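# Structural characterization, general
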Amino acid sequence: MDKTKEIVMSGIRPTGFLHLGNYFGAIRNYVKMQDEYECFFMVADLHSLTTHPDTKELKANVYRVLAENIACGLDPDKVALYCQSHLHETAELYLYLNMLAYKGELEKTATFKDKARMQPGNINAGLLTYPVLQTADILLHRAKYVPVGKDQEQHLEMARNFTNRFNHRYGEVFPEPVAFNYSNDLVKVPSLDGEGKMSKSENQMATLYLADDDELIRKKVMKAKTDSGPTENNSPKPAYIGNIFLLMNLVSSKDVIKKYEDDYNNCNIRYGDMKKQLAEDMVKFISPIREKVNSILQDEKYLQKVMGQGAEKARKSAEVTIKLVREAIGLNYF
Ligand code: ADP
């Protein structure tokens, strides 16, 4: 481990196909960070059990998330790319941190309330303590930066609270983790229907997946909600139109974006043309990644090697942390 580099940690749940939100909220930052920082990136398989107890597709999803991360440019020789369940130390740290997390604050978490609403028959304790497990993942490597999308802001705030409580009670073991994005603000990639964010499991026709074929990408983009256009120059954009511009900003050239911004401000925008352009730019962006994913997925042995070497690197760092934690808590009797 390079002691001069600051430490970065993040993860993605293997609950389905990765989408543009995962790419622009998380993976794009991972890829940029891998040269500057000591990076730990994991497939969060344990987290997925809180919402996806049926594990029939888990293995295929784990392989896919690994392949998708690599296809987007993550280099398994530069970072530790591993599977959460391969580090038993995670469970130990999770247990200690659970003693520092209060029921009241966990119940108030927005994601807990959302998920409880979505799965009223399975409001399990793991769902409630999801932010604690996430904190364990981060602190296991004593990470400082956590590249995530905007939806994770509250979880990171909770992670800082748990970290400070630990440090206060047992001594300074951990740096305070902060959410990270290269631009100043965390990213939220909106869904194409203008309602909420792109997501792995909800809203699939309004989410662009890295696995979507060209025709499906075109179909989804063309279905995005528009209207007859502004009637006054320089009017504010309704949210669903703002979203289309936001998506264009992610994948289109500066000239193209400027043309449509000007057209909008001069009230002569043609949304049909704009969506066609956006669809083609999306196809250009997504299709090379999709092809790469498909070719990486052919080689299971390679992905197993990646997981193995990732776990080995991650375990080294986890073992050091657990030793420090036990000493700090006072669990050292010999
Ligand atoms: P999902 O919500 O799609 O299941 P995860 O919970 O596994 O995704 O999140 C993986 C990473 O992707 C996190 O850093 C999360 O903040 C980011 N992310 C997910 N959806 C979006 C989105 N629509 N916009 C920006 N970032 C997102």
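This text follows the structure it describes.
Quick caveat: nothing in here was measured; it's all calculated off a predicted structure.

Ranked by size, the top nonpolar core spans 62 residues in total, and within it Leu20, Phe41, Leu81, Leu208, Met274, Leu278 and Met282 carry the most contacts. By residue number, the principal contributor to this core is helix α13 (residues 271-297), which donates 10 residues. Composition of this core by domain shows at least three residues from each of domain 1 (7-180 + 300-329) and domain 2 (204-293). Among all residues touching Leu20, those that are not within four sequence positions of it are Gly25, Val189, Met198, Leu208, Leu210, Met282, Phe285 and Ile286. Listed in part, the 37 residues of the second largest apolar core include Ala80, Ala101, Leu127 and Ala159.

What surrounds the ligand is a group of 19 residues, the closest being His19, Asp151, Val189, Lys197 and Lys200. Contact distances for the ligand include 3.1 Å between a nitrogen atom and a backbone N or O atom of Gly21. Elements with a contribution of two residues or more to the shell around the ligand: β1 (7-12) and α1 (20-33). Taken together, the residues of the shell around the ligand sort by class into six nonpolar, eight polar and five charged.

Conventions and cut-offs
- Residues numbered from 1 in each chain as written.
- Predicted model: local features only at pLDDT ≥ 70, side-chain atom pairs only at ≥ 80, totals over all residues.
- Heavy atoms only, no water.
- Core = buried A, V, L, I, M, F, W, Y, C linked by side-chain atoms within 4.5 Å.
- Buried < 20%, exposed > 50% of the residue type's maximum accessible area, 1.4 Å probe, protein only.
- Helix = DSSP H or I, 4+ residues; strand = E, 2+ residues; numbered from the N terminus.
- Domains from an automatic or database assignment.
- Contact = heavy atoms within 4.5 Å.
- Near = heavy atom within 4 Å.
- Polar contact = N/O pair within 3.5 Å; in protein donor to acceptor, adjacent residues only side chain to side chain.
- Nonpolar A, V, L, I, M, F, W, Y, C, P; charged D, E, K, R; others polar.

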